[in-house]
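Chains, contacts and geometry: an overview
Take a look at the letters that make up each chain.
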Amino acid sequence: MRLVKITFFLMIGVTSLYFGIATPVALAETYSFVTKWGSLGNYDGLLNLPVSLAVDSSGNIYVTDTNNNRIEKFSGDGKFLDKWGTYGSSSGQFNLPTGIAIDSAGSIYVSDQSNNRIEKFDNSGNYVSEFNLSQLFPRGISIDSAGNVYFTEPDKDLLIKFATNGQALARWGTLGPNNGQFETPVGIALDRNANVYVADSGNNRIQKFTSDGQFLTEWGSEGNGKGQFEDPEGITIDSEGNVYVAGTGNHRIQKFTSSGQFLTIFGSFGTGNGQFLSPTGIVVDSNGNVFVSDSDFDHPSIQKFSMENKTSSLNAQQKNVVPEFGTTTLVALTVAIISTLFFRFRLNR
């Protein structure tokens, strides 16, 4: 009887060891609403179709105020700081600015969509130069650490990369649902290794490529479940390489690992705090705060969220250094313990 009890408790101990070591505890993240600013209009601090966002190293937020044909700059808590741009085709003017990005030197690039160009400004909004793109209509834009410019062209289902001198370096994409094809690619973001993530809006998925266009992976499908999308447009990446996607059609934000593993979700349909009607622009500052632009025609706004909690176990953090125990190993270990105890019991009789 004593042997049975010992064996029973040893089996429980081994099983606990197995599940405690080999099974990491999943991360739990919750984002909470912090503040909101903006309403319809053309005065300072007001908005009319705020399509895209960018953030500088000081945490200031830049908005493409598309229907007002200007850029607005705000502090991280929503205080109006500056603006520039008017309607037109001269240097420093815009005709539907849509995408915006900031390089490592603080220069600001704007997709001047209907003028078929990308304009470059210094961090005070002074015009520097432009890239004429002929018959192309640039939408989303991102800059790598070498200063190369990447942009999406939704009308032609293309992604194009060129150097700061205007030399074309790469282009990829055709219309379709297969790997490397697009249907209305909109948002674009780069990680620290210059991997390219594209919000393939019409295909309701995210595609990931190397910097020269080699397909790496994709995730997502049409729907309202976790990891699914309805017209994803905005995309950004935080300092840890996590990917945030604004689902414009289902009024929410989803967060993923760099390989597409679902992490968390927040937002719902509505005009209240933490709700969206048409989220399109998204950016994350160095402190992990998430800013989202709602480009609804009647209720344009910018909302700020912060991570409320992030819990994980030591086992999850150390999962790459702890040996993995399989079921076979567990059974073998248990059998070995029982056999040892049995023979010790026979010898002691």
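Use the structure listed above.
Here's what I pulled together on the structure shown here. Chains are numbered independently. Their residues run from 1 in the order of the written sequence. At least 70 in pLDDT is required for a residue's local features to be given in this predicted model, at least 80 for side-chain atom pairs to be given and counted, and no such filter applies to totals for whole chains, interfaces and linings, which use all residues. Side-chain measures were taken over the full set of non-hydrogen atoms in the model, leaving aside hydrogen atoms and water.

**Re the pattern of salt bridges**
- We count a salt bridge whenever a side-chain nitrogen from Lys or Arg sits within 4 Å of a carboxyl oxygen from Asp or Glu. Taken as a whole and assessed by the stated rule, the structure comprises 10 salt bridges.
- The partner of lysine 255 in a salt bridge is glutamate 29, with the nearest N and O atoms 2.9 Å apart. Here glutamate 29 lies in strand β1 (residues 28-37) and lysine 255 lies in strand β20 (residues 252-256), a separation of 226 residues in the sequence. An identical accessibility class is assigned to lysine 255 and glutamate 29; each is buried.
- Across the salt bridge formed by arginine 70 and aspartate 65, the nearest N and O atoms sit 2.7 Å from each other. Each of the two residues, arginine 70 as well as aspartate 65, counts as buried. Secondary structure counts use DSSP, requiring at least four H or I residues in a row for a helix and at least two E residues in a row for a strand, with both numbered from the N terminus. Burial classes follow relative accessibility: with a 1.4 Å probe on protein chains only, a residue under 20% of its type's maximum area counts as buried, one over 50% as exposed, and anything between as partly exposed.

**A word on the side chain of threonine 152**
- Relative to the helices and strands, threonine 152 is located in strand β11 (residues 149-153).
- Classification of threonine 152 as buried rests on a relative accessible area of 0%.
- Side-chain atoms alone can form a polar contact between residues adjacent in sequence; in general such a contact is a pair of N or O atoms within 3.5 Å, and within protein one must be able to donate a hydrogen while the other accepts it. At 2.7 Å, the side chain of threonine 152 forms a polar contact with the backbone oxygen of valine 186.
- If near-sequence neighbours (up to four positions away) are discounted, threonine 152 is found in contact with Phe137, Pro138, Arg139, Gly140, Leu158, Pro185, Val186, Gly187, Ile188 and Val198. Working rule for contacts: check all heavy atoms of both residues, and any pair within 4.5 Å makes them a contact.

**Observations regarding the sheet that holds strand β16 (residues 205-209)**
- On the basis of which strands lie adjacent, the open sheet formed by four strands has the order β14-β15-β16-β17 and antiparallel pairing. The open sheet is flanked by β14 (185-190) and β17 (215-219), the only strands paired with a single partner. For this sheet the average axis-to-axis angle between neighbouring strands, irrespective of direction, equals 20°.
- Pairing geometry for β16 and β17, over four bridges, is antiparallel. Bridge assignment links phenylalanine 209 to a residue of β17, and that residue is phenylalanine 215. Whether two strands pair depends on DSSP finding at least two bridges between them. In this description, a line fitted to the C-alpha atoms serves as the axis of each element, helices being fitted only across the stretch in contact, and the angle between N-to-C directions of two axes falls anywhere from 0 to 180 degrees.

**As for the pairing of strand β5 (residues 80-84)**
- Across four bridges, the pairing between strand β4 (residues 70-74) and β5 is antiparallel. Each bridged residue has a counterpart across the sheet, and for phenylalanine 74 the counterpart in β5 is phenylalanine 80.
- Hairpin connection between β4 and β5: a loop of five residues separates the two successive antiparallel strands, and glycine 78 in this loop has a positive phi of roughly 95°.

**Section: the sheet that holds β20**
- Pairing within the open sheet is antiparallel, and its four strands lie in the order β18-β19-β20-β21. Because the sheet does not close on itself, it has two edges, and the strands there are β18 (232-237) and β21 (262-266). For this sheet, the mean angle separating the axes of adjacent strands, direction not counted, is 20°.
- Here β18 pairs with strand β19 (residues 243-247) via five bridges, running antiparallel. Residue pairing in the sheet places threonine 236 in a bridge with tyrosine 244 of β19.

**Re the nonpolar core**
- Buried Ala, Val, Leu, Ile, Met, Phe, Trp, Tyr and Cys residues that are joined via side-chain atoms within 4.5 Å together make up what is termed a nonpolar core. The biggest cluster of nonpolar side chains holds 13 residues, and the ones touching the most others in it are Tyr109, Ile118, Ile141, Val149, Phe151 and Phe162.
- Setting aside residues up to four positions removed in sequence, valine 149 forms contacts with Tyr109, Ile118, Ile141, Ser142, Ile143, Ile160, Lys161 and Phe162.

Everything listed is a geometric property; what it means functionally is a separate question.
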